[in-house]
Structure formats: structure tokens, C-alpha cells
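# Coordinates in review
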Amino acid sequence: MLSHRRTSLVAFGLMVLGLLCLWIGRQTAHNPPVPLPQWEASDDANYFWKTLNKDYPVASFQKLPHSRIRQFPKVQASASDFAPGKHELYAQRRQVVKDTFTRCWNAYRHHAWMADEVKPTSGGRRNPFGGWAATLVDSLDTLWIMDLKDEFGEAVAAAATIDFTKTDLELVNVFETTIRYLGGFLSAYDLSGDPRLLRKAVQVGEMIYKAFDTPNHMPVTRWDFARAKAGQKQLAKPGVILAEIGSLCLEFTRLTQLTDDDKWFDASQRIMDLLAEQQDSTLLPGLWPVSVNTNTATFNEATSFSLGAMADSVYEYLPKMAALLGGQLPIYEKMYEKAMDAALKHNIFRPMIPDSEDILISGQIHVREREGEQYFDLEPQNQHLVCFLGGLLALGGKLFSRQQDLDAAAKLTNGCIYSYSAFPHGVMPETLYMVPCESKETCPWNETMWKQGVSRQNRMDSGDVALANALVAKDHLPPGFTRVADKAYLLRPEAIESVFILYRVTAQETYAEHAWDMFTAIEKATRTNYANTAVVDVTDGAKSPEGRNSMESFWMGETLKYFYLIFSEPDLISLDEYVFNTEAHPLRRLLA
């Protein structure tokens, strides 16, 4: 009898508990959780980098604009146009990408927690980015987007303990710190609203701001952390990479938007204003050279012009700044249009390939002199890094209603897709060369011309076809490619970034299919027992690629995020609501 009564009481208790849970659930549905408290500037009033003396204080700050917000055209295609009848298939593919991310995250968590990177072949750890847990911070928004909320909570708690007053590095790369750490914290805050993330973003911002403490307020891009911490004066330098000086504005502007502190917007906008002033006076007007002098604030003297390595994100940020600011600074649209007009005319070429497919590649221009006259010399190089350009032109084309940009965007993206499919492992190497067509309108295949291109690119001016044939065999050159200067694949995101943007802009299923081919090829070529690794050579189909035991944080912060989003519903991180920084961290746009 006693046993039965206990059972009855337990049953009654469980029934009451169930009703209580049901009532709480209904209340929660009608009354959302109380928002997290906001970060207050006073929380870090005594933070070291904030209190450190400024040798060259700024007299007055340029204020963040607060004018009327512009209503831009929609970027994304209509939601009803995406993948009709493919939802179940795409959900399966999305889960496969998520499983790869989770495997890599667990490898990092178990073998390199709080280090910058896990070594994916050996299971060790390395700290190339300050020792501030780069993979963890770079992955925060990916965890949130993939609905890995338990892992996100653990990661945020760990990130809150990172000490940005200490590092083992002699020189801190301000650009890399900005795009990975500041961008990572800002994005995760924009998505989750957790005030701990905004606090860490401010701490990173205060640290980086000290690098701007120079006589002309241009930053020291490779920054002596210890000297700065000791209060020693510093100077901006000549021979600075364009991308490292001109790709700070998106993150700094978003930090000002969230904190109402104009100093970050002022610091980065000074650079962008100088770039705007000098844009028409370079040796290739409209574009800036890949090397600039921050000591003299001279950005128009050097002779090489590229939209790839050392320059890429400067151009990427022009339409994104327009969108982030809601069009309040029209200079960004003007800078974008000048740059893209010049690039479409001079840098972007059609390569000669066997089936005469109409694709485009972005090469480099070198300004040279002959008999006292300057001329533009096209270097027909194709970089994996420049594969972002198709996505950029698609975004700019939609925002600013430039059909020529949208047309070029599709052809550039198809050029990178072609470069993936042309190599035996289905993966594009780092750096390639091709034969530029004489005309973008028509370009019939000419095998002799291709072989002559092989000869020239390998400095065999004789044009000997037999020697060219030997090089084709030795270097595993697919038809149309004249040289592979770097055979590696480093887990880079740029190609899938453009495929993602083109898919969101057009809703064409072919992009999703290309994305799946790319993902499966990369996974096969790079998977290890722990995670995924950069590989040495993807040109030799006779053997599996050799791993480099390296997995940079962008693999989880960018590449896998873009693959996941392609197979997600289009309202997940809509391009009409967010812009991605160059490390694929989505930041909220100002909307009318």
C-alpha cells in the first residue's frame, strides 16, 4: 500500500511538473526572454590600452554621419525562386557541411583549446596570430549560424578570458587582428546580443587604436606590441601593403556604430579619405598600387596594380561600406565605380580555353616604360585569392544598378569554377597563369598559341613545342594553363564566397551544384584524422595531396560558413540585412 501511494504521488508530481513546463513554454512564446544587458563604456574605463598615454592625440574626430539612410535595391533574389523541390536534399548537404565543421571544432577543442590553430595532421597547436585563440574567435559566428548554441556558449565564456595586453609575437599584424578578432567579436555580438562580445570587441579596438598613435595618424601595420606597451613613440612606414592599410574601415565603423565612440570611425576614415583624394592620380587612375607609403601618406606612386593579393579587400570594402552606412557617405559608391571601371578595362581578361567558354580572369597590371612612354603590361595571373571578385561585382552591381558588373560577376565566378574543375582533384591551386585572348567577344582555341604561352611563362622564349610538351607533362598542366606558380590549396574561401553570393543574387541552382562539387572535392583532398589540412600540390592526379599540417582559422570562419549558407534558407544571414567583412563575419547593415 505504501509503495503504491509513493508511486501515485510521483505520478501526480510528474503531472504537475509537466503542466508547469507547458505553462512556462506558453509564457515564453508570448513573452520573449529579457534582452541581455548592454555593454557600458564605464565597464572598461581602466582598461590598459584605453589608459595608455597617447603621444599624438587627435585634436577632433570626424563624426559618424547621421543623415538620411538610402534605400538600396534588393541584393538577393526572391525567396520563392530558391531551390524549389530541393529543400530535403539541401538540408542533407547542409548537415554534411555541419558535420565537417563539428569534427574540426572538436579537434581544436580537444587538442588546441585557446591556441590560435590546431595542427590538423599531428594534433598539435600553433600561435601565429598573437596567441589569442584565433580559431575560437573566428568560429563564434559560425557556431551561432549552425545552431551549435551549447558550443557557442562555451566559446563565449572562454573568449571573455582572452588577455589582449599580452602576446608572444614581436610584431602584431593590425589587419589580421582587425578582420579576425575585431570582426569576429562584432559579428558574434550582432547575431547574439551577448554584451561580453561587445566588451571584447572594444578591448581589441582600444589595443589596435594605439597603432594609430603616430604623427600623421596613419597606423603602423606591422606593429611592435612591446614598444607600444612600454609607451615608446612610433612612426608609420613606407612600403606598406595596400590591403593592410585600406581594409580597416568596415570593422572600425561598425564598432563606432555600436559604441557611439567616433574615434574608431575617425581613424579608419582618415585613410579612406586619402585614398579617395589620390584615386585619380595613380599611374592607373581608378586603382591604387599594391604598395603604399604611410609615412608620407602617399598612395599613388608605385607601379603594380592588382585586385588580388595585397590589394583585394580594399576594393571589397567599398560597396560594403556604402551598405553598412546606409549610403550616408556617397564617396564609397564613387570610389567603387572608378575602381571597377578601371579594372574591367585593364585587369580583367578572357583566357583562351579548349571549349571557348566565355569566362573571365582578373590579372595584374604593371606600368612600364619604353622609349620614354609608359604602357600597361598585363600579367595574366589567376589567383585563388582574387576569386572573391565575382561576388564583389555582383554585390556592387545590385546595390548600384550596374548591369556590366553583374555580367562580369558571373563570368569571373565561372572562371574560378572552371579552374577548380580543370585540375585532377577538383580543387584550384593558389596561383595559375593562362593565355589572354585578344578579344573578350570571341576567342577560338589555338593549341599552338597555348604551347607558345607555356614556353613564354616558363622563360623558354624559343617557343619549342617539344619542350613545351615536356613541361605540360611534368607540371600536369591542363589545356589552357601555361604555368602553376603555386600548386598548393590552403583551404581558402574566395571561390566559394563568390559562388555563394552569385547563388543568393540569382537563385540559379547551378551555383549550388558547383558548390557541392567543390565541397566534396575539398573534403576528399584535405581531410585528416583530426580535421582538414592545407595541402602542398593539387595538380598531380596520380597521388593524394600531401598535407601541410596547417588549418588557418578562416577554414572554419569562412570556407565552411559559406558552404553551409549556400544550402541554408536564403533568409539566414540575408545579403539585404548584412555585409560580410573579409573574414566572412556578417555585420548588420543600416536599413531605411
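Model, not experiment: these values are computed from the prediction. All chains use their own residue numbering, which begins from 1 and follows the written sequence. Local features in this predicted model are restricted to residues of pLDDT 70 or higher, and side-chain atom pairs are both shown and tallied only at a pLDDT of 80 or more, whereas totals for entire chains, interfaces and linings draw on every residue. With hydrogens and water excluded, all non-hydrogen atoms of the structure serve as input to the side-chain values.

Below, the discussion takes up the nonpolar core. Among buried residues, the Ala, Val, Leu, Ile, Met, Phe, Trp, Tyr and Cys ones that are joined through side-chain atoms within 4.5 Å form a nonpolar core. The buried label applies to any residue whose accessible area, calculated with a 1.4 Å probe on protein chains only, is under 20% of its type's maximum; exposed applies above 50%, and partly exposed to all values in between. Grouped together as the largest cluster of nonpolar side chains are 190 residues, with contacts concentrated most on Leu-136, Leu-140, Phe-185, Trp-223, Tyr-315 and Tyr-332. With ten residues, helix α6 (residues 174-192) is the largest single contributor of residues to this core. Apart from residues lying up to four places away in sequence, Leu-140 is in contact with Phe-152, Ala-155, Val-156, Phe-185, Ala-188 and Leu-197. Comment: elements are numbered from the N terminus, with helices defined as DSSP H or I runs of at least four residues and strands as E runs of at least two. It only takes one pair of heavy atoms within 4.5 Å for two residues to be counted as in contact.

Turning our attention to the environment of Asp-355. For Asp-355, the location among the structural elements is in the loop between β8 (348-349) and β9 (361-362). Separated by 89 residues in sequence, Asp-355 and Pro-444 have C-alpha atoms that sit 8.1 Å apart. By the criterion applied in these results, polar contacts are pairs of N or O atoms within 3.5 Å in which, for protein atoms, one can donate a hydrogen and the other can accept it, and in which residues neighboring in sequence qualify only through two side-chain atoms. Separated by 3.1 Å, the side chain of Asp-355 and the backbone nitrogen of Glu-357 make a polar contact.

Two rings from Phe, Tyr or Trp (for Trp, the six-membered ring) form a pair when their centres are within 6.5 Å of each other. A pair whose planes differ by under 30 degrees is stacked, one over 60 is edge-to-face, and the rest are tilted. Considering all chains together, one arrives at 30 aromatic pairs under this definition. Look at Phe-101 and Trp-105: their rings are 6.5 Å apart centre to centre, the planes differ by 10°, and that puts the pair in the stacked class. Here Phe-101 pairs with Trp-105, and both are found in helix α3 (residues 87-111), just four residues apart, close to one helical turn. The class of Trp-105 is buried, set by a relative accessible area of 1%. An angle of 45° between the planes, with centres 5.5 Å apart, marks the rings of Phe-212 and Phe-252 as tilted. Note that Phe-212 is positioned in the loop between α7 (195-209) and β4 (222-224) and Phe-252 in helix α10 (residues 249-259), a separation of 40 residues in sequence. We classify Phe-252 as buried; its relative accessible area is 0%. Through pairs of rings, three or more aromatic residues link up here, namely Phe-48, Trp-49, Trp-132, Phe-164, Tyr-181, Phe-185, Trp-223 and Phe-225. The ring of Phe-129 carries Arg-180 above its face, with NZ or CZ at 3.8 Å from the centroid. Lysine NZ or arginine CZ positioned within 6 Å of the ring centre and within 35 degrees of the ring normal marks a charge as sitting over the ring.

A word on the packing of α3 against helix α4 (residues 134-145). Between N-to-C directions, angles cover 0 to 180 degrees, with each direction set by a line fitted to C-alpha atoms, over the stretch in contact for helices. In contact at an axis separation of 12 Å, α3 and α4 are set at 145° when each is read in the N-to-C sense. Seen from above, α3 lies across α4 with left-handed handedness. Every residue of α4 that contacts α3 at Phe-101, Trp-105 and Tyr-108 is listed here: Thr-135, Leu-136, Ser-139, Thr-142 and Leu-143. Amino acid classes used here: Ala, Val, Leu, Ile, Met, Phe, Trp, Tyr, Cys and Pro are nonpolar; Asp, Glu, Lys and Arg are charged; the rest, including Gly, are polar. Of the residues assigned to the contact of α3 with α4, the class counts are five nonpolar, three polar and no charged. Should the near helix be turned anticlockwise from the far one by less than a right angle, the crossing is left-handed, and should it be turned clockwise, the crossing is right-handed.

Residues Thr-431 and Tyr-433 line one face of strand β13 (residues 431-434) and the alternating positions Leu-432 and Met-434 line the opposite face, and both faces are buried. Think of it this way: DSSP has to see at least two bridges between two strands before they count as a pair. Pairing between β13 and strand β14 (residues 481-486): four bridges, direction antiparallel. What sits directly across from Met-434, in β14, is Phe-481.

Only a pair of cysteine sulfur atoms within 2.5 Å counts as a disulfide in this structure description. All chains considered together, the criterion is met by two disulfides. Here Cys-387 is linked by a disulfide to Cys-416, with a sulfur-sulfur distance of 2.0 Å. Residues Cys-387 and Cys-416 are joined through a disulfide that is left-handed, its torsion about the S-S bond being -100°. Taken as a pair, Cys-387 in the loop between β12 (381-383) and α14 (389-399) and Cys-416 in helix α15 (residues 403-422) lie far apart in primary sequence, 29 residues in all. With a relative accessible area of 1%, Cys-387 lands in the buried category. The disulfide bridge from Cys-437 ends at Cys-443, spanning 1.9 Å between sulfur atoms.

Take the environment of Ala-339 next. Along the chain, the position of Ala-339 falls in helix α13 (residues 331-346). Under the relative-accessibility criterion, Ala-339 is labelled buried at 0%. With 24 residues separating them along the chain, Ala-339 and Tyr-315 place their C-alpha atoms 7.5 Å apart. When neighbours within four sequence positions are excluded, Ala-339 is seen to be in contact with Gln-279, Gly-286, Leu-287, Tyr-315 and Leu-318.

Attention now goes to the layout of surface pockets. Two kinds of site are reported from a 1 Å grid over the protein atoms alone, namely cavities, where a 1.4 Å probe fits but cannot get out, and pockets, open sets with protein on both sides within 12 Å along at least five of seven lines, and residues are called lining when an atom falls within 4 Å of a point. Grid points are joined across faces, edges and corners, and a volume is the space filled by probe spheres set on the points. Approximately 540 Å³ is the volume found for the largest pocket. Residue lining of the largest pocket: 26 residues in total, with Phe-175, Glu-176, Asp-312, Leu-385 and Arg-492 positioned closest to the centre. Among the secondary structure elements, those contributing two or more residues to the lining of the largest pocket are α6, α9 (242-246), α12 (312-324), α18 (494-506) and α20 (554-566). When residues of the lining of the largest pocket are assigned to their parent elements, the largest contribution, four residues, is made by α6. Of the residues in the lining of the largest pocket, the class split is eleven nonpolar, three polar and twelve charged. A class-by-class count of the residues in the lining of the second largest pocket yields four nonpolar, six polar and two charged.

All right, on to the sheet that holds strand β11 (residues 373-379) then. Strands sit in the order β7-β10-β11 across an open sheet of three strands; the sheet is antiparallel. Strand pairing shows two members of the sheet lacking a second neighbour, β7 (304-305) and β11, which therefore form its edges. Relative to strand β10 (residues 364-370), β7 is paired through two bridges, and the arrangement is antiparallel. By the bridge assignment for β10, Ser-304 is matched with His-366.

Our focus in this paragraph is empty space enclosed by the protein. Considering all chains together, one arrives at five cavities of 30 Å³ or more under this definition. A volume near 80 Å³ is recorded for the largest cavity. Taken together, Lys-320, Leu-395, Glu-497, Phe-500, Ile-501, Tyr-562, Leu-575, Tyr-578, Val-579 and Phe-580 make up the full set of residues lining the largest cavity. Elements represented by at least two residues in the lining of the largest cavity include exactly α18 and β15 (578-580). Taken as a whole, the second largest cavity spans an internal volume of roughly 60 Å³. Forming the walls of the second largest cavity are Leu-360, Ile-361, Ser-362, Asn-382, Val-386, Cys-387, Leu-389, Gly-390, Leu-412 and Cys-416. For the lining of the second largest cavity, the residue count by class is seven nonpolar, three polar and no charged.

On to the UniProt feature "active site" (unreviewed entry) in the protein, then. UniProt positions are given in the numbering used here, feature names are shortened, and annotations may be inferred rather than shown by experiment. Under the UniProt annotation, "active site" (unreviewed entry) lies at Glu-176, Asp-312, Glu-430 and Glu-494. Lining the largest pocket, from the residues named above, are Glu-176, Asp-312 and Glu-494. Of the residues examined, Glu-176 reaches a relative accessible area of 18% and is grouped as buried. Among residues more than four places away in sequence, those in contact with Glu-176 are Phe-129 and Tyr-181.

Even without being glycine, His-217 reaches a positive phi, approximately 65°. Within the fold, His-217 resides in the loop between α7 and β4. Note on His-217: relative accessible area 15%, which makes it buried. In this model, His-476 sits at a positive phi of 55°, which is unusual for a non-glycine residue. For His-476, the position within the fold is in the loop between α17 (465-474) and β14.

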